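Spelled out from the first residue to the last, the chains are:
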Amino acid sequence: MGTDAVQSERKQIILYALHGFFINLAMVPGNFINLFLTDHLLIPVADVAAMLLAAKAIDFLASFFVGPAIEKSSLPGGKYIPWLKMARPLYYSSYLVTFLPFNMPLAARYVVVVIGHLLVKIPNAFILTSQYGALMLVGGTDMGKRNKMAIASSRMTAACAVFSSATTTPFLLLAGHLVRIKYQFLFMAAIYGCFFFGATNTLVNLHAPFEQKRALQDEKQKASLRVMLKSMVSNPQLIAFLFSHTFSLTAYGAPGQITLYYYIYIRNDPNLLLYASAQTVSMLVYLATVAIGPQIGLKLGRLKALLLGELLCVFTSVAMIFFGASSIYAFMGINIASTFFRSFISGFATSYILDCAEYGYYKTGIDARAIVQSLTNIPLKIAQFTGSTVALLGLGLIGYFPGMEASAAFSRDFMVIYGGLPAIGYGISFLINIMFYKIDDGQAEFYARENRRKEAGMA
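Every value quoted in this text rests on a predicted model; they were computed, and no experiment measured them. (Residues numbered from 1 in each chain as written. Predicted model: local features only at pLDDT ≥ 70, side-chain atom pairs only at ≥ 80, totals over all residues. Heavy atoms only, no water.)

Along the backbone of the chain there are 21 helices and zero strands. The globule rule puts the C-alpha radius of gyration for 459 residues at 23 Å, and the 22 Å found for the chain is close to it. Projected onto the principal axes, the alpha-carbon positions of the chain cover approximately 70 × 45 × 45 Å. Looking at the chain residue by residue over its 459 residues, the buried ones come to 54%. Considering only intrachain contacts with a sequence separation of at least 6, the fraction spanning at least 24 residues in the chain is 84%. Just so you have it, the chain exposes about 19200 Å², and 68% of that area is on carbon and sulfur atoms. The average position of the 35 basic charges and that of the 22 acidic charges among the side chains of the chain differ by 2 Å. (Helix = DSSP H or I, 4+ residues; strand = E, 2+ residues; numbered from the N terminus. Rg over C-alpha atoms; globule rule 2.2 N^0.38 Å. Buried < 20%, exposed > 50% of the residue type's maximum accessible area, 1.4 Å probe, protein only. Contact = heavy atoms within 4.5 Å. Areas by Shrake-Rupley, 256 points an atom, 1.4 Å probe, with all protein chains shown as cover. Lys, Arg positive; Asp, Glu negative; His and termini not counted. Charge placed at Lys NZ, Arg CZ, Asp CG, Glu CD.)

Quick look at the environment of G360 now. Considering the arrangement of structural elements, one finds G360 in helix α17 (residues 349-364). A relative accessible area of 11% places G360 in the buried class. Sequence separation between G360 and C194 is 166 residues, and the spatial gap between their C-alpha atoms is 38 Å. Beyond its immediate chain neighbours, meaning those up to four positions away, G360 contacts N235, G365 and I366.

Right, let's talk about the packing of aromatic side chains for a bit. Two descriptors summarise a pair of aromatic rings, namely the distance from one centre to the other and the angle between the planes of the rings. In total, this model carries 36 aromatic pairs according to the counting rule given. Seen in terms of ring centroids, F21 and F22 are 6.0 Å apart; in terms of plane orientation they differ by 75°. Their pairing is edge-to-face. Residue class for F21 comes out buried when judged on its relative accessible area of 17%. Taking the relative accessible area as the measure of exposure, F22 reaches 21% and is therefore partly exposed. Ring geometry for Y262 versus Y263: centroids 5.4 Å apart, planes at 85°, classification edge-to-face. Accessibility assignment for this pair places Y262 and Y263 in one class, buried. Through pairs of rings, three or more aromatic residues link up here, namely Y262, Y263, Y275, F331, F410, F414 and Y418. Between the NZ or CZ atom of R342 and the centre of the ring of Y252, over which it lies, the distance is 4.4 Å. (Phe/Tyr/Trp six-rings, centres within 6.5 Å; stacked < 30°, edge-to-face > 60°. Lys NZ or Arg CZ within 6 Å of the ring centre and 35° of its normal.)

Defined simply, a disulfide is a covalent bond joining two cysteines at their sulfur atoms. Here the structure, examined in full by the defined rule, presents zero disulfides. Between C313, a free cysteine, and C356, which holds the nearest cysteine sulfur, the sulfur-to-sulfur gap is 20 Å. (Disulfide = S-S within 2.5 Å.)

In a regular helix each residue adds 1.5 Å, so 17 residues correspond to 24 Å; helix α13 (residues 273-289) covers 24 Å between its end C-alpha atoms and thus fits that length. Buried within α13 we find Y275, A276, A278, Q279, T280, S282, M283, Y286 and T289. Tucked inside the fold, the buried residues of α13 contact α7 (143-179), α12 (259-266), α14 (293-300) and α16 (328-346). (Expected span 1.5 Å × (residues − 1).)

This is the structure:
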(Lines give C-alpha, C1' and ligand atoms only; values in the text may rest on other atoms or scores of the structure.)
Protein backbone atom coordinates (compact mmCIF):
# COMPACT_ATOMS: atom_id res chain seq x y z
CA MET A 1 0.00 0.00 0.00
CA GLY A 2 1.45 3.39 -1.04
CA THR A 3 2.01 6.35 1.27
CA ASP A 4 -1.02 8.22 -0.09
CA ALA A 5 -3.23 5.18 0.39
CA VAL A 6 -2.01 4.72 3.96
CA GLN A 7 -2.66 8.37 4.78
CA SER A 8 -6.09 8.22 3.17
CA GLU A 9 -7.00 5.12 5.18
CA ARG A 10 -5.77 6.72 8.41
CA LYS A 11 -7.86 9.84 7.72
CA GLN A 12 -10.96 7.74 7.06
CA ILE A 13 -10.49 5.77 10.28
CA ILE A 14 -10.01 8.98 12.28
CA LEU A 15 -13.13 10.56 10.78
CA TYR A 16 -15.19 7.47 11.53
CA ALA A 17 -13.89 7.39 15.12
CA LEU A 18 -14.59 11.10 15.60
CA HIS A 19 -18.18 10.49 14.59
CA GLY A 20 -18.52 8.09 17.54
CA PHE A 21 -17.06 10.71 19.89
CA PHE A 22 -19.27 13.56 18.72
CA ILE A 23 -22.54 11.62 18.50
CA ASN A 24 -22.14 10.24 22.01
CA LEU A 25 -21.49 13.71 23.42
CA ALA A 26 -24.56 14.99 21.59
CA MET A 27 -26.64 12.25 23.24
CA VAL A 28 -25.57 13.10 26.82
CA PRO A 29 -28.69 15.18 27.65
CA GLY A 30 -30.82 12.11 26.94
CA ASN A 31 -29.39 10.49 30.09
CA PHE A 32 -31.15 13.13 32.19
CA ILE A 33 -34.64 13.11 30.67
CA ASN A 34 -36.12 10.68 33.21
CA LEU A 35 -34.61 12.58 36.14
CA PHE A 36 -35.75 15.93 34.71
CA LEU A 37 -39.34 14.75 34.39
CA THR A 38 -39.60 12.94 37.73
CA ASP A 39 -37.43 14.82 40.23
CA HIS A 40 -37.31 18.26 38.57
CA LEU A 41 -40.88 18.61 37.28
CA LEU A 42 -42.31 16.17 39.89
CA ILE A 43 -44.34 14.22 37.33
CA PRO A 44 -45.38 10.80 38.70
CA VAL A 45 -43.11 8.02 37.45
CA ALA A 46 -46.04 6.10 35.91
CA ASP A 47 -46.95 9.14 33.81
CA VAL A 48 -43.32 9.57 32.72
CA ALA A 49 -43.20 5.93 31.66
CA ALA A 50 -46.44 6.36 29.71
CA MET A 51 -45.15 9.51 27.97
CA LEU A 52 -41.96 7.84 26.88
CA LEU A 53 -43.76 4.69 25.82
CA ALA A 54 -46.10 6.69 23.58
CA ALA A 55 -43.17 8.60 22.07
CA LYS A 56 -41.09 5.49 21.47
CA ALA A 57 -44.02 3.56 20.00
CA ILE A 58 -44.49 6.24 17.34
CA ASP A 59 -40.73 6.37 16.81
CA PHE A 60 -40.68 2.59 16.37
CA LEU A 61 -43.31 2.72 13.61
CA ALA A 62 -41.54 5.61 11.88
CA SER A 63 -38.23 3.73 11.84
CA PHE A 64 -39.61 1.24 9.29
CA PHE A 65 -39.60 4.02 6.70
CA VAL A 66 -35.98 5.11 7.16
CA GLY A 67 -34.36 2.45 4.98
CA PRO A 68 -36.89 2.69 2.13
CA ALA A 69 -36.64 6.49 2.21
CA ILE A 70 -32.86 6.36 1.81
CA GLU A 71 -32.91 3.56 -0.76
CA LYS A 72 -35.67 4.83 -3.04
CA SER A 73 -35.26 8.61 -2.85
CA SER A 74 -33.40 10.55 -5.52
CA LEU A 75 -32.39 13.68 -3.64
CA PRO A 76 -29.82 16.16 -4.99
CA GLY A 77 -26.48 15.55 -3.34
CA GLY A 78 -26.53 11.78 -3.10
CA LYS A 79 -27.96 8.85 -1.21
CA TYR A 80 -26.95 9.69 2.37
CA ILE A 81 -25.67 13.27 2.51
CA PRO A 82 -29.04 15.06 2.01
CA TRP A 83 -30.52 13.16 4.96
CA LEU A 84 -27.52 14.02 7.13
CA LYS A 85 -27.95 17.70 6.36
CA MET A 86 -31.70 17.65 7.02
CA ALA A 87 -31.18 15.90 10.36
CA ARG A 88 -29.05 18.69 11.86
CA PRO A 89 -31.67 21.35 12.74
CA LEU A 90 -34.23 18.74 13.77
CA TYR A 91 -31.89 17.02 16.20
CA TYR A 92 -30.64 20.23 17.76
CA SER A 93 -34.14 21.52 18.40
CA SER A 94 -35.26 18.21 19.91
CA TYR A 95 -33.71 18.55 23.37
CA LEU A 96 -34.66 22.23 23.53
CA VAL A 97 -38.28 21.14 23.22
CA THR A 98 -37.93 18.20 25.63
CA PHE A 99 -36.29 20.21 28.42
CA LEU A 100 -38.75 23.12 28.44
CA PRO A 101 -38.89 23.79 32.21
CA PHE A 102 -42.30 25.42 32.38
CA ASN A 103 -45.33 24.13 34.24
CA MET A 104 -48.06 22.99 31.88
CA PRO A 105 -51.05 20.65 31.91
CA LEU A 106 -50.11 16.98 31.86
CA ALA A 107 -51.66 16.51 28.41
CA ALA A 108 -49.50 19.34 27.03
CA ARG A 109 -46.40 17.78 28.59
CA TYR A 110 -47.27 14.51 26.85
CA VAL A 111 -47.27 16.37 23.52
CA VAL A 112 -43.98 18.14 24.29
CA VAL A 113 -42.21 14.92 25.31
CA VAL A 114 -43.48 13.03 22.26
CA ILE A 115 -42.47 15.79 19.83
CA GLY A 116 -39.07 16.24 21.48
CA HIS A 117 -38.40 12.51 21.40
CA LEU A 118 -39.34 12.15 17.75
CA LEU A 119 -37.21 15.14 16.75
CA VAL A 120 -34.12 13.43 18.15
CA LYS A 121 -34.78 9.77 17.43
CA ILE A 122 -35.99 9.89 13.83
CA PRO A 123 -33.04 12.00 12.60
CA ASN A 124 -30.75 9.75 14.61
CA ALA A 125 -32.12 6.72 12.73
CA PHE A 126 -30.96 8.28 9.47
CA ILE A 127 -27.58 9.02 11.07
CA LEU A 128 -27.15 5.44 12.25
CA THR A 129 -28.02 4.06 8.82
CA SER A 130 -25.53 6.46 7.25
CA GLN A 131 -22.90 5.33 9.75
CA TYR A 132 -23.36 1.71 8.66
CA GLY A 133 -23.29 2.83 5.04
CA ALA A 134 -19.98 4.59 5.61
CA LEU A 135 -18.45 1.48 7.14
CA MET A 136 -19.58 -0.64 4.18
CA LEU A 137 -18.47 1.84 1.50
CA VAL A 138 -15.18 2.95 3.04
CA GLY A 139 -14.21 -0.51 4.30
CA GLY A 140 -15.21 -2.24 1.07
CA THR A 141 -14.22 -5.90 1.01
CA ASP A 142 -11.28 -5.33 3.38
CA MET A 143 -12.50 -6.90 6.63
CA GLY A 144 -9.31 -5.75 8.33
CA LYS A 145 -10.10 -2.14 7.49
CA ARG A 146 -13.71 -2.55 8.58
CA ASN A 147 -12.52 -3.94 11.90
CA LYS A 148 -10.03 -1.08 12.34
CA MET A 149 -12.78 1.46 11.76
CA ALA A 150 -15.22 -0.25 14.12
CA ILE A 151 -12.62 -0.70 16.87
CA ALA A 152 -11.40 2.91 16.53
CA SER A 153 -14.99 4.09 16.88
CA SER A 154 -15.56 2.00 20.00
CA ARG A 155 -12.35 3.31 21.58
CA MET A 156 -13.25 6.91 20.81
CA THR A 157 -16.70 6.25 22.29
CA ALA A 158 -14.97 5.05 25.46
CA ALA A 159 -12.89 8.23 25.50
CA CYS A 160 -16.10 10.19 25.13
CA ALA A 161 -17.57 8.31 28.11
CA VAL A 162 -14.58 9.33 30.25
CA PHE A 163 -14.88 12.95 29.17
CA SER A 164 -18.64 13.15 29.69
CA SER A 165 -18.49 11.34 33.06
CA ALA A 166 -15.91 13.80 34.34
CA THR A 167 -17.55 16.95 33.00
CA THR A 168 -21.32 16.54 32.70
CA THR A 169 -22.32 16.75 36.37
CA PRO A 170 -19.97 19.67 37.16
CA PHE A 171 -21.26 21.38 34.02
CA LEU A 172 -24.85 20.81 35.12
CA LEU A 173 -24.13 22.27 38.55
CA LEU A 174 -22.37 25.24 36.95
CA ALA A 175 -25.32 25.76 34.64
CA GLY A 176 -27.56 25.93 37.72
CA HIS A 177 -25.53 28.89 38.97
CA LEU A 178 -25.33 30.59 35.58
CA VAL A 179 -28.96 30.33 34.47
CA ARG A 180 -30.72 29.19 37.67
CA ILE A 181 -31.70 25.64 38.57
CA LYS A 182 -34.91 25.95 36.58
CA TYR A 183 -33.06 26.26 33.28
CA GLN A 184 -29.97 24.13 33.92
CA PHE A 185 -31.15 21.11 31.87
CA LEU A 186 -32.22 23.33 28.97
CA PHE A 187 -28.85 25.10 29.00
CA MET A 188 -27.00 21.77 29.03
CA ALA A 189 -29.06 20.52 26.07
CA ALA A 190 -28.31 23.67 24.07
CA ILE A 191 -24.54 23.27 24.57
CA TYR A 192 -24.22 19.51 24.10
CA GLY A 193 -26.53 19.54 21.09
CA CYS A 194 -23.83 21.46 19.18
CA PHE A 195 -21.74 18.29 19.00
CA PHE A 196 -24.32 16.82 16.65
CA PHE A 197 -23.08 19.14 13.90
CA GLY A 198 -19.61 17.63 14.27
CA ALA A 199 -21.11 14.14 14.18
CA THR A 200 -22.90 14.75 10.87
CA ASN A 201 -19.95 16.58 9.30
CA THR A 202 -17.67 13.57 9.78
CA LEU A 203 -20.13 11.31 7.96
CA VAL A 204 -20.65 13.85 5.19
CA ASN A 205 -16.89 13.93 4.60
CA LEU A 206 -16.73 10.12 4.55
CA HIS A 207 -19.61 9.75 2.11
CA ALA A 208 -18.68 12.63 -0.23
CA PRO A 209 -16.20 10.74 -2.47
CA PHE A 210 -18.62 7.85 -2.94
CA GLU A 211 -21.55 10.16 -3.65
CA GLN A 212 -19.45 11.88 -6.32
CA LYS A 213 -18.57 8.55 -7.93
CA ARG A 214 -22.21 7.50 -7.87
CA ALA A 215 -23.24 10.73 -9.59
CA LEU A 216 -20.87 9.94 -12.47
CA GLN A 217 -22.32 6.48 -13.01
CA ASP A 218 -25.56 5.47 -14.65
CA GLU A 219 -28.09 4.51 -12.04
CA LYS A 220 -28.45 0.75 -12.15
CA GLN A 221 -31.89 -0.78 -12.27
CA LYS A 222 -33.16 -1.14 -8.74
CA ALA A 223 -35.50 -3.80 -7.50
CA SER A 224 -38.91 -2.70 -6.28
CA LEU A 225 -39.41 -2.07 -2.59
CA ARG A 226 -41.73 -5.09 -2.36
CA VAL A 227 -39.07 -7.38 -3.84
CA MET A 228 -36.41 -6.01 -1.48
CA LEU A 229 -38.61 -6.52 1.56
CA LYS A 230 -39.37 -10.06 0.42
CA SER A 231 -35.65 -10.77 0.10
CA MET A 232 -35.11 -9.69 3.72
CA VAL A 233 -37.91 -11.87 5.06
CA SER A 234 -36.15 -14.84 3.47
CA ASN A 235 -32.84 -13.97 5.19
CA PRO A 236 -32.64 -16.25 8.27
CA GLN A 237 -29.37 -14.74 9.51
CA LEU A 238 -30.88 -11.26 9.48
CA ILE A 239 -33.96 -12.40 11.38
CA ALA A 240 -31.87 -14.20 14.01
CA PHE A 241 -29.59 -11.21 14.49
CA LEU A 242 -32.44 -8.71 14.75
CA PHE A 243 -34.11 -10.76 17.50
CA SER A 244 -30.90 -11.38 19.43
CA HIS A 245 -29.75 -7.78 19.03
CA THR A 246 -33.07 -6.55 20.42
CA PHE A 247 -32.60 -8.49 23.65
CA SER A 248 -28.90 -7.58 23.87
CA LEU A 249 -29.58 -3.85 23.48
CA THR A 250 -32.41 -4.05 26.03
CA ALA A 251 -30.03 -5.74 28.45
CA TYR A 252 -27.42 -3.06 27.88
CA GLY A 253 -29.71 -0.05 28.02
CA ALA A 254 -32.24 -0.84 30.74
CA PRO A 255 -29.93 -0.30 33.76
CA GLY A 256 -28.77 3.01 32.33
CA GLN A 257 -32.31 4.34 32.60
CA ILE A 258 -32.15 4.15 36.40
CA THR A 259 -28.44 4.54 37.17
CA LEU A 260 -28.93 8.10 38.41
CA TYR A 261 -31.55 6.85 40.86
CA TYR A 262 -29.01 4.36 42.23
CA TYR A 263 -26.65 7.15 43.21
CA ILE A 264 -29.34 9.49 44.51
CA TYR A 265 -31.28 6.96 46.59
CA ILE A 266 -29.15 3.86 47.20
CA ARG A 267 -25.91 5.81 47.70
CA ASN A 268 -27.58 8.99 49.10
CA ASP A 269 -25.90 11.26 46.54
CA PRO A 270 -28.56 13.89 45.64
CA ASN A 271 -26.06 16.27 44.00
CA LEU A 272 -24.56 13.41 41.95
CA LEU A 273 -21.00 14.27 43.01
CA LEU A 274 -20.25 10.63 43.85
CA TYR A 275 -21.82 9.70 40.52
CA ALA A 276 -19.45 12.02 38.64
CA SER A 277 -16.31 10.71 40.36
CA ALA A 278 -17.35 7.04 40.30
CA GLN A 279 -18.35 7.14 36.65
CA THR A 280 -15.13 8.89 35.72
CA VAL A 281 -13.03 6.25 37.47
CA SER A 282 -15.08 3.47 35.88
CA MET A 283 -14.74 4.97 32.43
CA LEU A 284 -10.99 5.50 32.85
CA VAL A 285 -10.62 1.81 33.66
CA TYR A 286 -12.92 0.98 30.76
CA LEU A 287 -10.81 3.13 28.43
CA ALA A 288 -7.84 0.96 29.36
CA THR A 289 -9.70 -2.32 28.96
CA VAL A 290 -11.35 -1.37 25.67
CA ALA A 291 -7.89 -1.50 24.14
CA ILE A 292 -7.81 -5.18 25.11
CA GLY A 293 -11.40 -6.34 24.59
CA PRO A 294 -11.64 -5.88 20.80
CA GLN A 295 -8.27 -7.61 20.36
CA ILE A 296 -9.66 -10.60 22.27
CA GLY A 297 -12.67 -10.45 19.97
CA LEU A 298 -10.44 -10.49 16.90
CA LYS A 299 -8.53 -13.52 18.14
CA LEU A 300 -11.71 -15.38 19.01
CA GLY A 301 -13.43 -14.39 15.79
CA ARG A 302 -16.49 -12.15 15.86
CA LEU A 303 -18.97 -15.02 16.13
CA LYS A 304 -17.28 -16.64 19.14
CA ALA A 305 -16.73 -13.19 20.67
CA LEU A 306 -20.45 -12.51 20.38
CA LEU A 307 -21.35 -15.68 22.24
CA LEU A 308 -18.68 -15.46 24.94
CA GLY A 309 -19.26 -11.76 25.60
CA GLU A 310 -23.00 -12.22 26.13
CA LEU A 311 -22.57 -15.29 28.33
CA LEU A 312 -20.12 -13.49 30.61
CA CYS A 313 -22.48 -10.50 30.81
CA VAL A 314 -25.19 -12.84 32.13
CA PHE A 315 -22.90 -13.76 35.04
CA THR A 316 -22.01 -10.13 35.85
CA SER A 317 -25.69 -9.14 35.75
CA VAL A 318 -26.57 -11.86 38.26
CA ALA A 319 -23.66 -10.72 40.45
CA MET A 320 -25.11 -7.19 40.39
CA ILE A 321 -28.38 -8.44 41.91
CA PHE A 322 -26.63 -9.89 44.94
CA PHE A 323 -23.68 -7.54 45.50
CA GLY A 324 -24.43 -4.22 43.74
CA ALA A 325 -26.02 -2.53 46.75
CA SER A 326 -23.39 -3.68 49.26
CA SER A 327 -20.83 -1.00 48.33
CA ILE A 328 -20.00 1.49 45.62
CA TYR A 329 -16.81 -0.49 44.93
CA ALA A 330 -18.73 -3.70 44.23
CA PHE A 331 -21.14 -1.77 42.01
CA MET A 332 -18.29 -0.17 40.05
CA GLY A 333 -16.30 -3.38 39.77
CA ILE A 334 -19.22 -5.39 38.42
CA ASN A 335 -20.10 -2.65 35.92
CA ILE A 336 -16.48 -2.46 34.74
CA ALA A 337 -16.37 -6.23 34.27
CA SER A 338 -19.65 -6.20 32.36
CA THR A 339 -18.48 -3.35 30.13
CA PHE A 340 -15.21 -5.14 29.46
CA PHE A 341 -16.97 -8.35 28.46
CA ARG A 342 -19.32 -6.39 26.23
CA SER A 343 -16.29 -4.80 24.56
CA PHE A 344 -15.66 -8.20 22.95
CA ILE A 345 -18.78 -7.41 20.93
CA SER A 346 -19.24 -3.64 20.90
CA GLY A 347 -16.11 -3.05 18.85
CA PHE A 348 -17.80 -4.86 15.96
CA ALA A 349 -21.40 -3.81 16.59
CA THR A 350 -21.82 -2.26 13.15
CA SER A 351 -20.18 -5.22 11.41
CA TYR A 352 -22.78 -7.84 12.31
CA ILE A 353 -25.66 -6.12 10.53
CA LEU A 354 -23.44 -5.48 7.50
CA ASP A 355 -22.61 -9.18 7.39
CA CYS A 356 -26.33 -9.97 7.33
CA ALA A 357 -26.85 -7.42 4.54
CA GLU A 358 -24.04 -8.87 2.43
CA TYR A 359 -25.33 -12.39 3.08
CA GLY A 360 -28.81 -11.44 1.85
CA TYR A 361 -27.47 -9.77 -1.28
CA TYR A 362 -25.28 -12.80 -2.06
CA LYS A 363 -28.09 -15.33 -1.54
CA THR A 364 -30.88 -13.49 -3.38
CA GLY A 365 -29.07 -11.23 -5.86
CA ILE A 366 -31.29 -8.38 -4.66
CA ASP A 367 -29.45 -5.38 -3.24
CA ALA A 368 -31.41 -4.34 -0.14
CA ARG A 369 -28.34 -3.46 1.91
CA ALA A 370 -29.35 0.13 2.70
CA ILE A 371 -32.70 -1.09 4.04
CA VAL A 372 -31.05 -3.89 6.01
CA GLN A 373 -28.64 -1.38 7.55
CA SER A 374 -31.58 0.77 8.62
CA LEU A 375 -33.26 -2.23 10.22
CA THR A 376 -30.78 -2.08 13.08
CA ASN A 377 -32.89 0.89 14.19
CA ILE A 378 -35.70 -1.58 14.94
CA PRO A 379 -33.89 -3.47 17.75
CA LEU A 380 -32.64 -0.14 19.07
CA LYS A 381 -36.13 1.37 19.18
CA ILE A 382 -37.67 -1.72 20.78
CA ALA A 383 -34.88 -1.86 23.35
CA GLN A 384 -35.28 1.82 24.16
CA PHE A 385 -38.98 1.77 24.81
CA THR A 386 -39.10 -1.62 26.53
CA GLY A 387 -35.99 -1.01 28.63
CA SER A 388 -36.95 2.45 29.81
CA THR A 389 -40.61 1.60 30.30
CA VAL A 390 -39.99 -1.59 32.27
CA ALA A 391 -37.26 0.05 34.37
CA LEU A 392 -39.41 3.07 35.24
CA LEU A 393 -42.51 0.99 35.92
CA GLY A 394 -40.34 -1.25 38.08
CA LEU A 395 -39.36 1.79 40.14
CA GLY A 396 -43.02 2.58 40.65
CA LEU A 397 -43.81 -0.99 41.67
CA ILE A 398 -41.12 -1.07 44.38
CA GLY A 399 -42.36 2.16 45.95
CA TYR A 400 -40.19 4.91 44.47
CA PHE A 401 -41.25 8.55 44.87
CA PRO A 402 -39.14 11.75 44.58
CA GLY A 403 -37.26 12.64 47.75
CA MET A 404 -37.79 9.29 49.46
CA GLU A 405 -35.35 7.59 51.82
CA ALA A 406 -34.35 4.16 50.54
CA SER A 407 -35.08 1.28 52.90
CA ALA A 408 -33.22 -2.03 52.87
CA ALA A 409 -36.18 -3.62 51.07
CA PHE A 410 -36.20 -0.88 48.42
CA SER A 411 -32.44 -1.28 47.86
CA ARG A 412 -32.82 -5.03 47.46
CA ASP A 413 -35.71 -4.71 45.02
CA PHE A 414 -33.91 -1.98 43.10
CA MET A 415 -30.92 -4.25 42.47
CA VAL A 416 -33.23 -7.03 41.29
CA ILE A 417 -34.45 -4.65 38.59
CA TYR A 418 -30.99 -3.24 37.86
CA GLY A 419 -29.31 -6.63 37.48
CA GLY A 420 -32.26 -8.84 36.57
CA LEU A 421 -33.31 -7.07 33.37
CA PRO A 422 -29.86 -7.39 31.73
CA ALA A 423 -29.43 -10.98 32.95
CA ILE A 424 -32.64 -11.98 31.18
CA GLY A 425 -31.87 -9.97 28.04
CA TYR A 426 -28.31 -11.24 27.60
CA GLY A 427 -29.41 -14.79 28.35
CA ILE A 428 -32.09 -14.81 25.66
CA SER A 429 -29.76 -13.15 23.13
CA PHE A 430 -27.08 -15.76 23.82
CA LEU A 431 -29.52 -18.62 23.24
CA ILE A 432 -30.77 -17.15 19.95
CA ASN A 433 -27.25 -16.59 18.65
CA ILE A 434 -25.86 -19.98 19.62
CA MET A 435 -28.78 -21.74 17.92
CA PHE A 436 -29.39 -19.63 14.82
CA TYR A 437 -26.67 -17.07 13.98
CA LYS A 438 -23.91 -18.71 11.88
CA ILE A 439 -21.92 -16.05 9.95
CA ASP A 440 -18.26 -16.27 10.91
CA ASP A 441 -15.41 -14.03 9.73
CA GLY A 442 -14.48 -16.15 6.72
CA GLN A 443 -18.05 -16.28 5.44
CA ALA A 444 -18.51 -12.53 5.94
CA GLU A 445 -15.43 -11.73 3.86
CA PHE A 446 -16.52 -14.18 1.14
CA TYR A 447 -20.00 -12.62 0.81
CA ALA A 448 -18.61 -9.07 0.64
CA ARG A 449 -15.99 -10.01 -1.96
CA GLU A 450 -18.46 -11.86 -4.19
CA ASN A 451 -20.96 -9.00 -4.00
CA ARG A 452 -18.33 -6.52 -5.17
CA ARG A 453 -17.50 -8.82 -8.10
CA LYS A 454 -21.19 -8.91 -8.95
CA GLU A 455 -21.41 -5.10 -8.87
CA ALA A 456 -18.29 -4.80 -11.05
CA GLY A 457 -19.92 -7.01 -13.64
CA MET A 458 -23.07 -4.86 -13.62
CA ALA A 459 -21.20 -1.57 -14.08
